[in-house]
Amino acid sequence: MPVLHVCTEVYPLLKTGGLADVTGALPRAQLGQCDARLLLPGLPAILAGVHALMPVAVLPPRFGVRDARLLRGQLADGLTAYVIAAPALYERPGNPYADANGLPYADNALRFALLGWVAARLCQGLDPHWQPCVLHCHDWHAGLAPAYVAAARRATGRALAGTVFTVHNLAYQGSFAEEVFGQLGLPGDFYGIEGLEFYGQVSFLKAGLYYADKLTTVSPSYGREIATPEQGCGLDGLLRARARDLHGILNGIDGVVWDPASDARIAANYNPLDRRGKGACKRALQQECGLQVRDGAPLFVMVSRLTEQKGVQLLLGALPEIVASGSQLLVLGSGEARYEHALRAAANTHAGQVAVRIGYDEDLAHRMFAGGDVCLVPSRYEPCGLTQLYGLRYGALPLVRRVGGLADTVVDATLEDLDTRSTGFCFDAFTQAALGAALRRVQALWRRSADWAHVQERAMRQPVGWDDAAAHYLRLYQDITP
Ligand code: ADP
Ligand code: GLC
């Protein structure tokens, strides 16, 4: 079955968050079952990273560009990727969505409308040699693709491809001024409550939610949460109306890229049965990051975008308690300046016990999960979350807030579950007190080293691959294939 994933990021070429990990792994996991391909905008990192690019089609003038072309090439793992070469829209260095000052590009609506429009054209024979039966669209950047397909179905009377829209994060909506609508080339009646209008604006996210045949999000719990007013970001009504089509499908992780038994980026390899290498990883990480080299206390690690979503404020509040317990903390991340400053200040005050790396460093992230004892994910909300899954695989027990995908993937180390199911630590309320209590439970388990070792081994054995998700997506695709 030919399936086209429509997205802006893909690991290892271009990544700002977990979306890239998913689009880098899921299509490959599907290859036994589907002919999965990608459609990507021709951002510099993508043009540079896709090999053997060949012309497929010249695109007609649209969205203010005259010289756009569709190319086709291969990723390093052999996966086929279509790339839209439109220099005026895409050839900008750095972040795919925003300029050097962090401001969204003024023409983002047109940049991502082109992505959705080309996706819909691929369903109508733009590449004479290959046509998708299913468009799988990721996040608001690809949200117009189902709308263009719906418009083309109406105009031609043909079924065209089935469409799936996956919400990786409902808070990012791709909203633009009403005036933009006239430039999108969609039928006039698409701008309305029964369409992509959202509080007087054009919403690319709502376009995906309204027009796609099936909706998915990246964990069952988040699927339930976004259908409530508290977490629905104003779209919960639409999500409730579409409840029959909405599926929560838990993400996996790439078991080749993230495997402590073979990871070449870490100081020593180890596996669930023989975890001695993990000690070497901890010592190497402490040395690398200027922490005191010692084994006796837990090393907490956090790899994260530093935003409100991720609970950085909560972590900052818990810092005195972590320090007072003699534990160590290492944070890798970048994001809001207020959090970066506060974390840097904490590292200065508690040199040797707290260390912070501001920036983006994929290799260090691997070394942190390998060397860390506990991986912190105290999120306010979390659609799925991948770092707790990396923590499980590498035996850095996740300490998570019980929300979204975190609730679906970590089992709390309570006394009754300790011998059978526990894989980490969970807390409920988004409060200092609740996080503090969880931190004290970490210390209690740490002191019972045999129990810690059992939980760690169990965590590392959890199935966190893509098999279940790939099978679930395949069933959805079969439901909507014309
Ligand atoms: P989100 O997509 O909301 O940021 P996820 O947990 O799904 O959260 O995915 C985040 C991904 O980005 C993970 O692969 C994580 O390791 C990675 N990551 C986040 N910040 C950094 C950083 N500063 N350096 C390296 N990797 C990072
Ligand atoms: C989003 C979410 C994150 C999820 C990722 C991949 O960035 O914030 O929770 O893991 O997408 O689906």
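**What to know about the overall build of the protein chain**
Next up, step 1: Broken down by element type, the protein chain carries 17 helices and 18 strands.
Next up, step 2: The C-alpha radius of gyration computed for the protein chain amounts to 23 Å, which stays within 12% of the reference 23 Å derived for 482 residues, consistent with globular compactness.
Next up, step 3: In terms of its C-alpha atoms, the protein chain occupies a principal-axis envelope of roughly 70 × 45 × 45 Å.
Next up, step 4: Counting all 482 residues of the protein chain, 60% fall into the buried class.
Next up, step 5: Of the contacts made within the protein chain by residues no fewer than 6 positions apart, 71% connect residues no fewer than 24 positions apart.
Next up, step 6: Taken together, the 44 basic and 46 acidic charged side chains of the protein chain have centroids lying 1 Å from each other.

**Re the site of ligand 2**
Next up, step 1: The environment of ligand 2 is formed by 14 residues, the closest being H168, N251, E382, C384 and G385.
Next up, step 2: Within the side chain of H168, a nitrogen or oxygen atom sits 2.7 Å from an oxygen atom of ligand 2.
Next up, step 3: Within the side chain of Q309, one N or O atom sits 3.3 Å away from an oxygen atom of ligand 2.
Next up, step 4: Among the elements that make up the shell around ligand 2, the one with the highest residue count is helix α1 (residues 18–29) (three residues).
Next up, step 5: Both domains that meet at the shell around ligand 2, namely domain 1 (2–252 + 466–480) and domain 2 (276–460), each give it at least three residues.

**Digging into the domain arrangement of the protein chain**
Next up, step 1: Domain parsing of the protein chain yields domain 1 (2–252 + 466–480) and domain 2 (276–460).
Next up, step 2: The distance between the C-alpha centroids of domain 1 and domain 2 comes to 33 Å.
Next up, step 3: Counting residues at the interface gives 20 residues for domain 1, matched by 17 residues for domain 2.
Next up, step 4: Buried surface at the junction of domain 1 and domain 2, summed over both partners, amounts to about 1,300 Å²; 54% is from carbon and sulfur atoms.
Next up, step 5: Put simply, domain 1 and domain 2 have one salt bridge between them.
Next up, step 6: For K15, the salt bridge is made with E362, and the minimal N-O distance between the two is 3.1 Å.
Next up, step 7: Its residues placed into classes, the side of domain 1 that touches domain 2 shows seven nonpolar, nine polar and four charged.

**A look at the packing of aromatic side chains**
Next up, step 1: Tallying each qualifying case throughout the model produces 18 aromatic pairs.
Next up, step 2: Ring centres of W140 and F204 lie 5.9 Å apart, and the angle between their planes is 75°; this geometry places the pair in the edge-to-face category. Pair noted here: W140 is in the loop between β6 (134–138) and α5 (144–156) and F204 is in helix α6 (residues 204–211), with a separation of 64 residues, a long-range link. When sorted by exposure, W140 lands in the same class as F204, which is buried.
Next up, step 3: Judged by centre distance (4.6 Å) and plane angle (15°), the rings of F190 and Y211 are stacked. Of this pair, F190 sits in the loop between β8 (175–177) and β9 (197–198) while Y211 sits in helix α6, and the two are 21 residues apart along the sequence. Take F190 and Y211: they sit in the same class, and that class is buried.

**A short note on the pattern of salt bridges**
Next up, step 1: According to the stated counting rule, one finds 29 salt bridges in the structure shown.
Next up, step 2: When the shortest N-O distance is used, the salt bridge between R380 and E308 registers 2.9 Å. Taken together, the residues R380 in the loop between β16 (374–377) and α13 (387–394) and E308 in the loop between β13 (299–306) and α10 (312–324) connect sequence positions 72 residues apart.
Next up, step 3: For the salt bridge of D428 with R402, the shortest nitrogen-to-oxygen distance reads 2.7 Å. Of this pair, D428 sits in the loop between β18 (425–427) and α15 (432–447) while R402 sits in the loop between β17 (397–401) and α14 (404–409), and the two are 26 residues apart along the sequence.
Next up, step 4: What makes D428 partly exposed here is its relative accessible area of 45%.

Conventions adopted
- Every chain's residues receive numbers from 1 upward, in the order its sequence appears when written.
- All chains are assigned letters beginning at A, and all ligands numbers beginning at 1, according to the order in which they are written.
- Two thresholds apply to this predicted model, a pLDDT of at least 70 for residue-level local features and 80 or more for giving and counting side-chain atom pairs, whereas whole-chain, interface and lining totals are computed over all residues.
- Hydrogens and water are ignored here; the side-chain numbers use all heavy atoms of the structure.
- Helix numbering and strand numbering both begin at the N terminus, where a helix is a DSSP run of H or I of at least 4 residues and a strand a DSSP run of E of at least 2.
- Put simply, the radius of gyration uses C-alpha atoms, and a globule should come to 2.2 Å times the residue count raised to 0.38.
- Classification of residues uses two cut-offs on accessible area relative to the type maximum, computed with a 1.4 Å probe and protein chains only: under 20% is buried, over 50% is exposed, and between them is partly exposed.
- Working rule for contacts: check all heavy atoms of both residues, and any pair within 4.5 Å makes them a contact.
- A residue counts as positive if it is Lys or Arg and as negative if it is Asp or Glu; His and the chain ends are not included.
- Charge positions come from single atoms, namely NZ of Lys, CZ of Arg, CG of Asp or CD of Glu.
- Throughout this document, a residue counts as near a molecule or strand when at least one of its heavy atoms sits within 4 Å of that molecule or strand.
- Any pair of nitrogen or oxygen atoms within 3.5 Å is treated as a polar contact; in protein, a donor-acceptor pairing is required on top of that, and neighbouring residues in sequence qualify only through side-chain atoms on both sides.
- Boundaries of every domain are those given by an automatic assignment or by a domain database.
- The term buried area means the drop in 1.4 Å probe accessible area that two parts suffer when joined, counted for both and summed.
- Every case where a carboxyl oxygen of Asp or Glu lies within 4 Å of a side-chain nitrogen of Lys or Arg is listed as a salt bridge.
- Note that Gly is not counted as nonpolar here; it falls among the polar residues with everything else outside the nonpolar set of Ala, Val, Leu, Ile, Met, Phe, Trp, Tyr, Cys and Pro and the charged set of Asp, Glu, Lys and Arg.
- Side-chain rings of Phe, Tyr and Trp, where Trp is taken by its six-membered ring, are said to pair if the distance between their centres is within 6.5 Å; with planes under 30 degrees apart they count as stacked, over 60 as edge-to-face, and otherwise as tilted.

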